[in-house]
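Here is what each chain is made of, one letter per residue.
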Amino acid sequence: RLELRDIVGKNLTVLSQLEGVNIETYSEIVLPRVLEQIVNCRDDVAQPYLMIALAQAFPSEYHLATCADFLTAVCSLKP
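These numbers come from a predicted model, not from an experiment.

**Q** Is there a simple way to explain the overall build of the protein in this structure?
**A** Assigned secondary structure in the protein consists of 5 helices and 0 strands. Starting at the N terminus and ending at the C terminus, the protein contains elements arranged as α-α-α-α-α. A globule of 79 residues ought to have a C-alpha radius of gyration of about 12 Å, and the protein, at 12 Å, matches this closely. Taking the principal axes of the C-alpha coordinates as reference, the protein spans close to 30 × 25 × 15 Å. Relative to its 79 residues, the protein shows a buried fraction of 30%. Expressed as a percentage of contacts within the protein between residues at least 6 apart in sequence, the contacts between residues at least 24 apart total 69%. As presented, the protein carries roughly 5300 Å² of accessible surface, and 57% of it is formed by carbon and sulfur atoms. Looking at charge distribution, the protein has the averaged site of its 6 positive side-chain charges lying 11 Å from that of its 10 negative ones.

Shown next, in the form of C-alpha cells:
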C-alpha cells in the first residue's frame, strides 16, 4: 500500500509538470477525473492521502480557481 501511495503521489507531481497543463486544462480535464477516482475509491486511508497529494502537486492558483469543485469532492468522501 505504501508503494502504491508513493507511485500515485509521484504521478500527480509529474502530471502537474507536464507542458500544456494550465489552469484551464486542470479545471476542465485533470481535476474532475482525479476527484472522481478519489471519491469512488471509498478507501478511508487512501482518500485523505490522495486529496493531500493532489493539493500539494498543483499550484495554489489552480486550487483557488477550482475551490468549489475541490470542496464538493471533500463532502463526498467516505466519512
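That covers the picture; the talk isn't over yet.
**Q** Just to check I follow, could you spell out the side chain of Thr66 for this structure?
**A** With respect to the helices and strands, the residue Thr66 is situated in the loop between helix H4 (60–65) and helix H5 (67–76). When residues no more than four places from it in sequence are discounted, the contact partners of Thr66 are Tyr26, Ser27 and Leu31.

Conventions used here
- Residues numbered from 1 in each chain as written.
- Predicted model: local features only at pLDDT ≥ 70, side-chain atom pairs only at ≥ 80, totals over all residues.
- Heavy atoms only, no water.
- Helix = DSSP H or I, 4+ residues; strand = E, 2+ residues; numbered from the N terminus.
- Rg over C-alpha atoms; globule rule 2.2 N^0.38 Å.
- Buried < 20%, exposed > 50% of the residue type's maximum accessible area, 1.4 Å probe, protein only.
- Contact = heavy atoms within 4.5 Å.
- Areas by Shrake-Rupley, 256 points an atom, 1.4 Å probe, with all protein chains shown as cover.
- Lys, Arg positive; Asp, Glu negative; His and termini not counted.
- Charge placed at Lys NZ, Arg CZ, Asp CG, Glu CD.

Interpretation in functional terms is not warranted from these geometric data alone.
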